[in-house]
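Summary of structural features
What follows is each chain in one-letter form.
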Amino acid sequence: MTIHPGGQNICGVSIGVLALESYFPKPPGHIKNPSSLQFTTLYEMLDGITVPKLLANPTGEMKDRLIDAAKRLEAKGVRAITGSCGFLAIFQKEIAAAVNVPVFVSSLIQVPLAHQMTGRTVGVITASAGSLTEAHLRGVGAENTPIVVQGLEDAKEFSTVILRNERTAMDLAKVEAELLAAAQGMIARNPEIGPIVLECTDLPPYAHALQAALNRPVFDIITLSEMVHRAALRVPFSGFIT
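Going by an unreviewed UniProt entry, the protein chain carries the name Aspartate/glutamate racemase family protein and comes from Leisingera caerulea.

Here we take up the overall build of the protein chain. When helices and strands are counted, the protein chain shows nine helices and eight strands. Taken against the 2.2 N^0.38 rule, which gives 18 Å for 242 residues, the C-alpha radius of gyration of the protein chain at 18 Å falls within 12% of a compact globule. Along the longest, intermediate and shortest principal axes, the C-alpha atoms of the protein chain span 65 × 55 × 35 Å. The 242 residues of the protein chain split such that 53% are buried. Across the protein chain, the fraction of contacts at a sequence separation of at least 24, relative to all contacts at a separation of at least 6, is 70%. Here the protein chain has roughly 11600 Å² of accessible surface; of this, 54% comes from carbon and sulfur atoms.

Next up on the list: the packing of helix H6 (residues 156-163) against helix H7 (residues 172-189). Running from amino to carboxyl end, H6 crosses H7 at an angle of 115°, the nearest separation of the two axes being 8 Å. Contacts between H6 and H7 involve Lys156, Glu157 and Phe158 from the former and Lys174, Val175 and Glu178 from the latter. Looking at the contact of H6 with H7, its residues break down into two nonpolar, no polar and four charged.

In this structure, lysine 32 sits in the loop between strand E1 (15-20) and strand E2 (41-46). Despite its burial, lysine 32 pairs with no opposite charge, the nearest such side chain being aspartate 202 at 7.7 Å. Reaching out from lysine 32, the side chain makes a polar contact with the backbone oxygen of leucine 20 at a distance of 2.6 Å. Separated by 3.2 Å, the side chains of lysine 32 and serine 22 make a polar contact. Contacts of lysine 32, omitting those with residues within four sequence positions, involve Ala19, Leu20, Ser22, Lys26, Tyr43, Met45 and Ser84.

Below, the discussion takes up the sheet that holds E1. On the basis of which strands lie adjacent, the open sheet formed by four strands has the order E2-E1-E3-E4 and parallel pairing. Single-partner strands in this sheet number two, and they are E2 and strand E4 (103-104). As judged from the two bridges shared by strand E3 (residues 80-83) and E4, these two strands associate in the parallel manner. From the neighbouring strand, isoleucine 81 faces E4, where its bridge partner is valine 103.

Per the stated rule, a full pass over the model turns up zero aromatic pairs. Stacked on the ring of phenylalanine 24, the Lys or Arg lysine 26 has its end atom at 4.4 Å from the ring centre.

Owing to its 3.6 residues per turn, the α-helix aligns residues three or four sequence positions apart on the same side. Residues of helix H8 (residues 207-214) that are buried: Ala207, Ala209, Leu210 and Leu214. What you see down the axis of H8 is that its buried residues fit within an arc of 160°, all on one side. What points out from H8, more than 90 degrees from its buried face, is the exposed set His208 and Ala212. Against strand E5 (121-126), H7, strand E7 (193-198) and strand E8 (218-219) lie the buried residues of H8. Of the residues flanking the end of H8, it is asparagine 215, one or two places downstream, whose phi is positive at about 55°.

In spatial order, the strands read E6-E5-E7-E8; together these four strands make up an open sheet with parallel pairing. On the outer flanks of this sheet lie strand E6 (147-151) and E8, each paired with one strand and no other. In terms of strand pairing, E5 meets E7 through four bridges, oriented parallel. Across the sheet, glycine 123 pairs through a bridge with isoleucine 196, a residue of E7. Set on the sheet, H7 makes contact with E5, E6 and E7; between it and E5 the angle comes to about 150°. Sheet strands touched by H8: E5, E7 and E8. Its angle to E7, the strand with the most contacts, is close to 170°.

Thresholds applied
- Residues numbered from 1 in each chain as written.
- Predicted model: local features only at pLDDT ≥ 70, side-chain atom pairs only at ≥ 80, totals over all residues.
- Heavy atoms only, no water.
- Helix = DSSP H or I, 4+ residues; strand = E, 2+ residues; numbered from the N terminus.
- Rg over C-alpha atoms; globule rule 2.2 N^0.38 Å.
- Buried < 20%, exposed > 50% of the residue type's maximum accessible area, 1.4 Å probe, protein only.
- Contact = heavy atoms within 4.5 Å.
- Areas by Shrake-Rupley, 256 points an atom, 1.4 Å probe, with all protein chains shown as cover.
- Axes fitted to C-alpha atoms, helices over the stretch in contact; angles between N-to-C directions.
- Nonpolar A, V, L, I, M, F, W, Y, C, P; charged D, E, K, R; others polar.
- Lys, Arg positive; Asp, Glu negative; His and termini not counted.
- Salt bridge = Lys/Arg side-chain N within 4 Å of Asp/Glu carboxyl O.
- Polar contact = N/O pair within 3.5 Å; in protein donor to acceptor, adjacent residues only side chain to side chain.
- Pairing = 2+ DSSP bridges.
- Phe/Tyr/Trp six-rings, centres within 6.5 Å; stacked < 30°, edge-to-face > 60°.
- Lys NZ or Arg CZ within 6 Å of the ring centre and 35° of its normal.
- Arc of directions from axis to C-beta.

What follows is the structure, given as structure tokens:
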């Protein structure tokens with residue numbers, strides 16, 4: 001007989017997500033679309049904290065709300081905590097210090113890893129190049145990694161919906177085409193780039209198309225989440241010896 005101590009309202013959750021408020025479509029591959037994920041998720045909604053607000057003015061009050069939300073996720077039993085926007089990198093260290101489970105609120109944590117794995121400059125594709133600061137890179141230990149940053153602030157469909165929050169309807173095919181055009185331009189200008197890291201959590205749904213176009217490894221919040229899930233919840237291997 002196995003007696004479990006209990007004490008949790010919800011059980012069996014792997015990854016908790018600090019979820020900013022947004023209402024545009026989240027296709028499969030988005031961290032806020034659990035139907036496509038290979039791990040269980042629990043969302044802590046942060047009403048009033050939007051992508052435009054986080055990019056323009058990451059305040060101390062915002063940080064405090066994120067820390068409180070992370071503590072709630074930990075209390076609910078999640079094994080690790082991520083976020084729904086890569087610009088949360090600016091608060092990575094503070095959130096991680098506030099809880100006792102692994103925290104990886106930005107895919108940018110993979111930037112040093114991608115460089116060490118390849119020895120090449122890392123191409124970082126972000127929602128807004130001008131908003132990605134040294135403080136964000138320091139937050140994830142990437143300030144000394146050779147990178148080239150490509151923003152999508154000039155991509156009409158992407159910026160209209162995601163950066164400026166002017167409407168919620170979004171043409172997914174246009175966003176994919178804008179991403180591919182921006183990435184191909186980045187590589188044409190900087191052929192020394194090896195791996196690609198997608199800062200923006202809205203881009204993983206198009207990562208397969210991006211890799212097919214660039215023939216390079218592509219890292220994003222989903223690749224990171226899958227790795228952390230497997231590290232936080234190890235299970236026996238199946239198979240046979242003979």
